[in-house]
Amino acid sequence: MTSSDRVIIFDTTLRDGEQSPGASMTKEEKLRIAKALERMRVDVIEAGFAIASPGDFEAVKAIADTIKDSTVCSLSRALDGDIERAAEALAGANSGRIHTFIATSPIHMQHKLRMQPDQVVEQAVRAVKKARNLCADVEFSCEDAGRSEIDFLCRIVEAAIDAGARTINIPDTVGYAIPHEYAELISQLINRVPNADKAIFSVHCHNDLGLAVANSLAAVVAGARQVECTINGLGERAGNAALEEIVMAIKTRHDLLGVHTNIDTPHILSVSRMVSGITGFPVQPNKAIVGANAFAHESGIHQDGVLKHRETYEIMSAQDVGWHTNRMVLGKLSGRSAFRSRLVELGIEMANETELNAAFARFKDLADKKSEIFDEDLQALVSETLSQDTPEFYKLVSLEVASKTGEVPHAHLVLSIDGKEVATDDQGSGPVDATFKAIEKVAQSGATLLLYSVNAITEGTDSQGEVTVRLERGGRMVNGNGADTDIVIASAKAYLNALNLMHMGTARAHPQVDGV
Ligand code: KIV
Ligand code: ZN
């Protein structure tokens, strides 16, 4: 099955990406991302880990019921209950997949599972058979394959294929592999497992040594035909292989790699921005493909070269990943239909007229403050409008800050807390510090501020500032976001958004920590 020259793109932003501390998303947010992934022609969308919590189940189910053109997948440990729950969530899918896994490295089997290798094989076979009884498309993963023994891997992979798995995933769970070593592992498996031709070999690389993309590409050269990856490389610890980098490397170096993907690449940038906006994980400016500087030519020599002949310094075109094509500007006089059609072009669907009207009203407010509205502004604005759907326990009613040379900055706020208006004020080392202290004076959340970051959404001093606030309490982290042309207001909105997420919080299981 590895002779095809198409590489299947399996996106796990909504599952492994969400395992990044603080990156949790609501059902509505996940659905928006899933629709954008489908539009970009991702082959498989891993929508979540259905048994983790009722919220995770509902999100997988909503995505399975909505997405028609991509396969929708749910993760499950090699346990009957997990597999049944995954099948239940996927029941409405046009094309569904159960992804079941168990750890195979000596260190995981001995210390985490406390199982003998024979028991692990037996459990894997049982899980794959059970999944095949409920779903035609089953993927089996050997967790921590990168540190597993090759003879044991050959044995368990052969048994899983015999039991009915049609995709075999070989994760480098801890990001330990080096490209030539990982390529050798994949090629040994393909050559040694007697029934290897009945399955597609997949790779899933973590980025602890910064090698996730390099390892995935080396594996493709060795015969892997599915790559598991995430938008912006989001994921546990240092993240997963970045989808945009995998896809563009395969496209740009077709001469060398000789394979292709189905991805409609001009959608890459808008999906990257959507994920960054929803999770509050900003994209660094020098990030390949989607960073603000990825196609910016700072030095005079480079600019001169690019103007004379683009290929002197550019190996791919900016338009091909969505830069420039999406910078149509809207302004104060733009009407509702121009607004709506730009949203459609950006792949943003509003659920109904009420949502569209709410977003349009925000657009008009923004256009009063800012003469030109860019796509980045629209994305932030829609994110804010849709996040209003999540019940807001804390809400900003008004904010007044005083900041003057030689005087201590002061903030006066009116908040609505569970529908009741409360006025509060405090001082701080700056207007943002004063605002946060004033909020805490009444919220008394007991949370610790772990991160405060401000990004200008577009160019110019009239740009909206997009603020991320990460709070932690009792080991649980949340990221709150807020955008406004006034960064103190954006900061207050982000802080309150984080408090609301903390307030909503539900317990959920982590697949690899609570695993068998
Ligand atoms: O990193 C990993 O091993 C995983 C598996 C559950 C596929 O995420
Ligand atoms: Zn992973």
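Since the model is a prediction, treat every value here as computed from it, not as a measurement.

## Points about helix 5 (residues 117–134)
- Its 18 residues give helix 5 an end-to-end C-alpha distance of 26 Å, which sits within 8% of 26 Å, the value for a rise of 1.5 Å per residue.
- The set of residues buried in helix 5 consists of V120, V121, Q123, A124, V125, A127, V128 and A131.
- The inward-facing, buried residues of helix 5 contact helix 3 (80–90), strand 4 (96–103), helix 4 (106–113), strand 5 (138–143) and helix 6 (150–163).

## What to know about the site of ligand 1
- Residues in close proximity to ligand 1 include R15, D16, H99, F101, S141, E143, N169, P171, T173, H204, H206 and Q512, which together make up its full environment.
- The separation between an oxygen atom of ligand 1 and a polar side-chain atom of Q512 is 3.4 Å.
- For ligand 1, the accessible surface in isolation is 260 Å², of which the surrounding protein chains cover 100%.
- Only strand 4, strand 5 and strand 6 (167–172) provide two or more residues apiece to the shell around ligand 1.
- Residues of the shell around ligand 1, tallied by class, amount to two nonpolar, seven polar and three charged.

## A word on the environment of M350
- With respect to the helices and strands, M350 occurs in the loop between helix 13 (336–345) and helix 14 (353–369).
- On the basis of relative accessible area, M350 is assigned to the buried category, the value being 15%.
- Each C-alpha atom of the pair M350 and R340 lies 9.0 Å from the other, and the pair is ten residues apart in sequence.
- Each residue touching M350, except ones within four places of it in the same chain, is listed here: L343, E355, L356, A359, V382 and L386.

## Describing the nonpolar core
- The biggest cluster of nonpolar side chains holds 102 residues, and the ones touching the most others in it are F140, I156, V157, I168 and I170.
- The leading source of residues in this core is helix 6, at nine residues.
- Once residues within four sequence positions are removed from consideration, I168 is found in contact with F140, V157, A160, I161, A199, I200, F201 and S202.

## Overview of the pattern of salt bridges
- Tallying each qualifying case throughout the model produces 29 salt bridges.
- K287 is paired through a salt bridge with E244; the nearest N and O atoms lie 2.8 Å apart. With a gap of 43 residues between them, K287 in the loop between helix 11 (268–279) and helix 12 (300–308) and E244 in helix 9 (residues 243–252) connect regions that are remote in the sequence.
- You can call E244 buried: its relative accessible area is 1%.

## Observations regarding the coordination of the zinc ion (ligand 2)
- Every protein donor of the zinc ion (ligand 2) is listed here as D16 (OD), H204 (NE2) and H206 (NE2), and their distances to the metal cover 2.0 to 2.2 Å.
- Sequence positions of the donors to the zinc ion (ligand 2) reduce to the motif D-x187-H-x1-H. The same class applies to H204 and to H206, which are both buried.

## Things to note about the sheet that holds strand 14 (residues 476–484)
- Read across the open sheet, the three strands follow the order 12-13-14; overall the sheet is antiparallel. Each end of this open sheet is capped by a strand with a single partner; those strands are strand 12 (448–456) and strand 14. Sheet twist, expressed as the average angle between the axes of neighbouring strands with direction ignored, equals 15°.
- Here strand 13 (residues 465–473) pairs with strand 14 via nine bridges, running antiparallel. Along strand 14, the bridge assignment pairs E466 with A483.

## What about the pairing of strand 6?
- With six of six residues buried, strand 6 is to be regarded as a mostly interior element.
- Going residue by residue along strand 6, you find T167, N169 and P171 tucked away on one face and I168, I170 and D172 tucked away on the opposite face as well.
- Of the crossover connections in this fold, the one passing from strand 5 over helix 6 to the parallel strand 6 is right-handed.
- In this sheet, strand 7 (residues 200–205) lies alongside strand 6 in parallel orientation, the contact comprising six bridges.

## Focus on the state of the cysteines
- Inspection of the entire model under this criterion finds zero disulfides.
- The thiol of C73 is unpaired, and the distance to the nearest cysteine sulfur, on C135, comes to 8.6 Å.
- Note on C73: relative accessible area 0%, which makes it buried.
- Free cysteine: C229, not disulfide-bonded; nearest cysteine sulfur from C205 at 10 Å.

## A word on the environment of P171
- Among the structural elements, P171 can be located in strand 6.
- Between the C-alpha atom of P171 and that of G428, which follows or precedes it by 257 residues, the distance is 48 Å.
- Discounting chain neighbours no more than four positions away, the residues touching P171 are S141, C142, E143, D144, A145, G146, Y182 and H204.

Thresholds applied
- Residues numbered from 1 in each chain as written.
- Chains lettered and ligands numbered in written order.
- Predicted model: local features only at pLDDT ≥ 70, side-chain atom pairs only at ≥ 80, totals over all residues.
- Heavy atoms only, no water.
- Helix = DSSP H or I, 4+ residues; strand = E, 2+ residues; numbered from the N terminus.
- Expected span 1.5 Å × (residues − 1).
- Buried < 20%, exposed > 50% of the residue type's maximum accessible area, 1.4 Å probe, protein only.
- Contact = heavy atoms within 4.5 Å.
- Near = heavy atom within 4 Å.
- Polar contact = N/O pair within 3.5 Å; in protein donor to acceptor, adjacent residues only side chain to side chain.
- Areas by Shrake-Rupley, 256 points an atom, 1.4 Å probe, with all protein chains shown as cover.
- Nonpolar A, V, L, I, M, F, W, Y, C, P; charged D, E, K, R; others polar.
- Core = buried A, V, L, I, M, F, W, Y, C linked by side-chain atoms within 4.5 Å.
- Salt bridge = Lys/Arg side-chain N within 4 Å of Asp/Glu carboxyl O.
- Donors = N, O, S within 2.8 Å, 3.2 Å for Na, K, Ca; no water.
- Pairing = 2+ DSSP bridges.
- Axes fitted to C-alpha atoms, helices over the stretch in contact; angles between N-to-C directions.
- Right-handed = clockwise from strand over helix to strand, strands pointing away.
- Disulfide = S-S within 2.5 Å.

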